[in-house]
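Analysis of the macromolecular model
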Amino acid sequence: MIKTIKGCKDIYGEDVEVFRRTEEVLRKTVHEYGFKEIIPPVIEYSDLFRRSVGEGTDIVEKEMYTFTDKGGRSITLRPEMTASVARAYVEHHFETLPSPIKLFYIGPCFRYEKPQKGRYREFYQFGVEVLGDESPLLDAEVISLAYVIAERLGLKKLKVRLNSIGCKNCRPQYKKALQEALKPHYDELCDDCKRRFYTNPLRILDCKKEKEELKKSLPKITDYLCDECKEHFEKVKSYLDMMGIPYELDNTLVRGLDYYTKTVFEVVSEHLGAQNALLGGGRYDYLIEELGGRHTPGLGFAIGMERLVEVLKAEKTVSKEEKIVYIAYREGLEKNAFSVASKLRNAGLTVLIDSKGGAIGKQMKRASKKNATYTVIIGEEEAEKGVVQLKDMKKKEQVEVSESNLVSTIGGKDA
Ligand code: AMP
């Protein structure tokens, strides 16, 4: 038997319903903030990710699905979508449009990671990007959007973790200080961190293998921020306070992608275990330049849809019941069944027409098995009179209703 590829999964049953309902909430919320959708291709030139996500990152070094196509080009299945949005910004001259440009996306991403709970090789990201404006007001607005989304989905036990990782003026000094402080502990570091010590020492701060005491003893980035970064961070925090968004400062939060500058943040949930980041994001003021555009500040975040679905299911916050109407009918009355079904479907209801036939009693049993809310029964007598029998499957009550009053008796899909 052929099975799904390791780290990939079919999304079906309750999961796909929660996924799509969640997607609706996400789309509606970002629309209210003025975001417009962009659908980039799933494959891009590998260089795009090397230049944006960064050569020294786990994603580029170990996790990309890269292949050479028949034309000899190096192509990669996107490991994330910010790079694609930035590429599109440069390619289509979005800088000629009034800034800030606000875009959102949803789609599958691919990383060759070790699969575990909340970590897959194919996973969906929903994300937003704001391009062309460096105001700290936007950092606060984007973080508040993340928070509002979580609130609207009814998520509990959430935390916003916040940090600033400086810019190209102040981060090099911090990197040096960090390397100095880590030097005496080099031998204790895990193999990945030994490599990171040279390529990307900041990532050592969020490595789960390193000892907490060691991490706590290291210099803090916020003590090394230049005046501009410091002022920016202070403003972000004060706007968040004004908006009433709770957050926790966390000096060890650095995120796994090279393009971040200044503000970085995550929303974490207690329900997720080790892979507890529901969404992550930050500012990336040099990314567009790296990709050949003009200096264009930007920021955004990405939500992992699978993790969101897991949390929502664990918290049982999305158990909105669907109304299902089952239609049982005597043989020969298919035309009546079709006409009733079409009226109910036009009113937005989910309708199942019995397809196996036989005694009405048997059809009712099938209705029960399909969790029908109501069963509409059409017999010969009813058909002649233009009525149906309507059975409320929970209350076990049955009433005669004229066909024309059926929708109003049942109520629309939201009644
Ligand atoms: P990142 O692009 O690494 O900043 O991740 C943003 C969000 O995407 C994370 O907070 C996760 O919710 C989700 N995510 C990242 N990698 C994976 C993965 N391998 N499997 C499932 N979700 C992921």
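Check the entry above for the structure.
Residues numbered from 1 in each chain as written. Predicted model: local features only at pLDDT ≥ 70, side-chain atom pairs only at ≥ 80, totals over all residues. Heavy atoms only, no water.

**Regarding the overall build of the chain**
Note the cut-off: A run of H or I in DSSP becomes a helix once it reaches four residues, and a run of E becomes a strand once it reaches two; helices and strands are each numbered from the N terminus. Each residue gets one of three labels from its accessible area relative to the maximum for its type: buried under 20%, exposed over 50%, partly exposed in between, using a 1.4 Å probe on protein chains only. Any pair of residues with heavy atoms lying within 4.5 Å of one another is described as a contacting pair. In short, Shrake-Rupley with a 1.4 Å probe defines the accessible areas, and a residue's cover is counted only from the protein chains shown. Only four residue types enter the charge count: Lys and Arg as positive, Asp and Glu as negative, with His and the chain ends excluded. Charge placement uses NZ in Lys and CZ in Arg. For Asp and Glu, CG and CD serve respectively.
When you go through the chain residue by residue, the secondary structure sums to 15 helices and 16 strands. Seen through its principal axes, the chain has C-alpha atoms that stretch 90 × 55 × 45 Å. By residue count, 51% of the 415 residues in the chain fall in the buried class. Sequence separation of at least 24 residues holds for 69% of the intrachain contacts in the chain that already meet a minimum separation of 6. With an accessible surface of roughly 21,100 Å², the chain has 50% of that area assigned to carbon and sulfur atoms. Side chains of the chain give 69 positive and 66 negative charges; the mean places of these two sets differ by 4 Å.

**Observations regarding the site of the ligand**
For clarity, the cut-off: Any residue with at least one heavy atom within 4 Å of a molecule or strand is counted as near it. In protein, a polar contact requires one atom able to donate a hydrogen and another able to accept it; more generally it is a pair of N or O atoms within 3.5 Å, and residues adjacent in sequence count only if both atoms are side-chain atoms.
Taken together, 16 residues sit near the ligand, with Arg111, Glu113, Tyr120, Arg255 and Ala277 positioned nearest. At 2.8 Å, a side-chain N or O of Arg111 approaches an oxygen atom of the ligand. Glu113 is positioned such that a nitrogen or oxygen atom in its side chain is 2.6 Å from a nitrogen atom of the ligand. When isolated, the ligand has an accessible area of 490 Å², and the protein chains bury 92% of it. Elements with a contribution of two residues or more to the shell around the ligand: β6 (122-131), β10 (277-283) and β11 (298-304). Here the element with the most residues in the shell around the ligand is β10; it accounts for 4 residues.

**Re helix α7 (residues 191-199)**
Heads up, the condition is: By construction, the arc corresponds to the directions joining the helix axis to the C-beta atoms.
Restricting attention to buried positions, one finds in α7 the residues Cys193, Arg196 and Phe197. Taken down its axis, α7 places every buried residue within 115° of arc, on the same side. Facing away from the buried side of α7 by more than 90 degrees, the exposed set consists of Asp191 and Tyr198. Lining the buried residues of α7 we find α3 (58-63) and α6 (171-182).

**Quick look at the side chain of Lys323**
Within the fold, Lys323 resides in the loop between α11 (305-315) and β12 (324-329). Polar contacts involving the side chain of Lys323 include one to the main-chain carbonyl oxygen of Ile410, which spans 3.1 Å.

**Regarding helix α12 (residues 334-346)**
Note the cut-off: The length a helix should cover is 1.5 Å for every residue beyond the first.
Between its terminal C-alpha atoms α12 stretches 18 Å, which fits the 18 Å expected from 13 residues at 1.5 Å a residue. Residues Ala337, Val340, Ala341 and Leu344 constitute the buried set of α12. Around the axis of α12, the buried residues are gathered within 100° of arc, so they sit on the same side. Away from its buried face by more than 90 degrees, α12 exposes Lys335, Phe338 and Asn346. Of the surrounding elements, those touching the buried residues of α12 are β12, β13 (350-353), β14 (374-378), β15 (387-392) and α15 (406-410).

**Considerations on the sheet that holds β6**
Stated precisely, the cut-off is as follows: Any two strands with at least two DSSP-identified bridges between them are counted as paired.
Taken in spatial order, the 8 strands make up an open sheet running β1-β5-β6-β11-β10-β9-β7-β8, and their pairing is mixed. The sheet terminates laterally at β1 (36-37) and β8 (248-249), the two strands that pair on one side only.

**Remarks on the pairing of β11**
Across the 7 residues of β11, 7 count as buried, placing the element largely inside the fold. Residues Gly298, Gly300, Ala302 and Gly304 of β11 are buried on one face, and the alternating residues Leu299, Phe301 and Ile303, pointing to the opposite face, are buried as well. Judged from the 7 bridges that link them, β6 and β11 form a sheet pairing that is antiparallel. Note that in β11 the partner of Gln125 across the bridge is Gly304. Judged from the 5 bridges that link them, β10 and β11 form a sheet pairing that is antiparallel. Looking at β11, one finds that Gly281 is bridged to Phe301.

**Concerning the environment of Tyr329**
Here Tyr329 lies in strand β12. Placed 50 residues apart in sequence, Tyr329 and Gly379 show a C-alpha to C-alpha distance of 5.9 Å. Once residues within four sequence positions are removed from consideration, Tyr329 is found in contact with Glu334, Ala337, Ile353, Asp354, Ile360, Gln363 and Ile378.

**Considerations on the environment of Val401**
Examined against the element boundaries, Val401 turns out to sit in strand β16 (residues 397-402). With a relative accessible area of 7%, Val401 lands in the buried category. The spacing of Val401 and Phe94 is 307 residues in sequence and 58 Å in space, taken between C-alpha atoms. Excluding residues within four positions of it along the chain, Val401 makes contact with Val387, Val388, Leu390, Leu406 and Thr409.

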